[in-house]
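# Fold and contact review
Chain by chain, the residues run as shown.
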Amino acid sequence: TNSPRMWPRGKFCPDPINFVRAKILYALLPADATTWRTIRSPTGFIVLCIGLVSAYGISVWLFVLLFFFIDKRDEFQLVNYVLKFKGFQ
């Protein structure tokens, strides 16, 4: 009853890859949340902590994953990605 319209009736999560992609993108780049709201959410906090770990290049791999998740046709997402990546360096 509270599931989004794009999901077929009776199925919880028809496409788990898009579900994970949407969760990570919303945790890193929410359109309707402030930084503090992002940090208070469990998913956002976990992804932020993973991004802060510099051992074994984990933060770099997180940005590689983010690069594959964003829509490259959207200029705002590309500029935001570049600014976040340069900010973490």
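Our subject is the structure listed above.
Described in the following lines is the structure provided in the data block. Being a predicted model, the structure only gives us computed values, none of them experimental.

### Topic: the overall build of the protein chain
- Within the protein chain, the regular secondary structure consists of 5 helices and 0 strands.
- Counting every position in the protein chain, which comprises 89 residues, the buried fraction comes to 21%.
- In the protein chain, once contacts between residues fewer than 6 apart in sequence are set aside, the share between residues at least 24 apart is 33%.
- Of the roughly 7300 Å² that the protein chain leaves accessible, carbon and sulfur atoms contribute 65%.

### Digging into the packing of helix α3 (residues 42-52) against helix α4 (residues 58-69)
- It is the contact of α3 with α4, at a shortest axis distance of 6 Å, that shows an interaxial angle of 125 degrees. Accordingly, the angle class assigned to the pair α3 and α4 is oblique. Two secondary-structure elements touch here, α3 through V47, I50 and G51 and α4 through I58, S59 and L62.

### Here we look at unusual backbone geometry
- In this structure, Y56 takes a positive phi of about 60 degrees despite not being glycine.
- Relative to the assigned elements, Y56 resides in the loop between α3 and α4.

### Some thoughts on the environment of I24
- Residue placement: I24 occurs in helix α1 (residues 16-28).
- Since its relative accessible area comes to 16%, I24 is described here as buried.
- Separated by 45 residues in sequence, I24 and F69 place their C-alpha atoms 8.6 Å apart.
- Ignoring any residue separated from it by four or fewer positions in sequence, one finds I24 in contact with L65 and F69.

Thresholds, definitions, all that
- Residues numbered from 1 in each chain as written.
- Predicted model: local features only at pLDDT ≥ 70, side-chain atom pairs only at ≥ 80, totals over all residues.
- Heavy atoms only, no water.
- Helix = DSSP H or I, 4+ residues; strand = E, 2+ residues; numbered from the N terminus.
- Buried < 20%, exposed > 50% of the residue type's maximum accessible area, 1.4 Å probe, protein only.
- Contact = heavy atoms within 4.5 Å.
- Areas by Shrake-Rupley, 256 points an atom, 1.4 Å probe, with all protein chains shown as cover.
- Axes fitted to C-alpha atoms, helices over the stretch in contact; angles between N-to-C directions.
- Parallel < 35°, antiparallel > 145°, perpendicular 65-115°, else oblique.

Without other data, these values stay purely geometric and don't point to any function.
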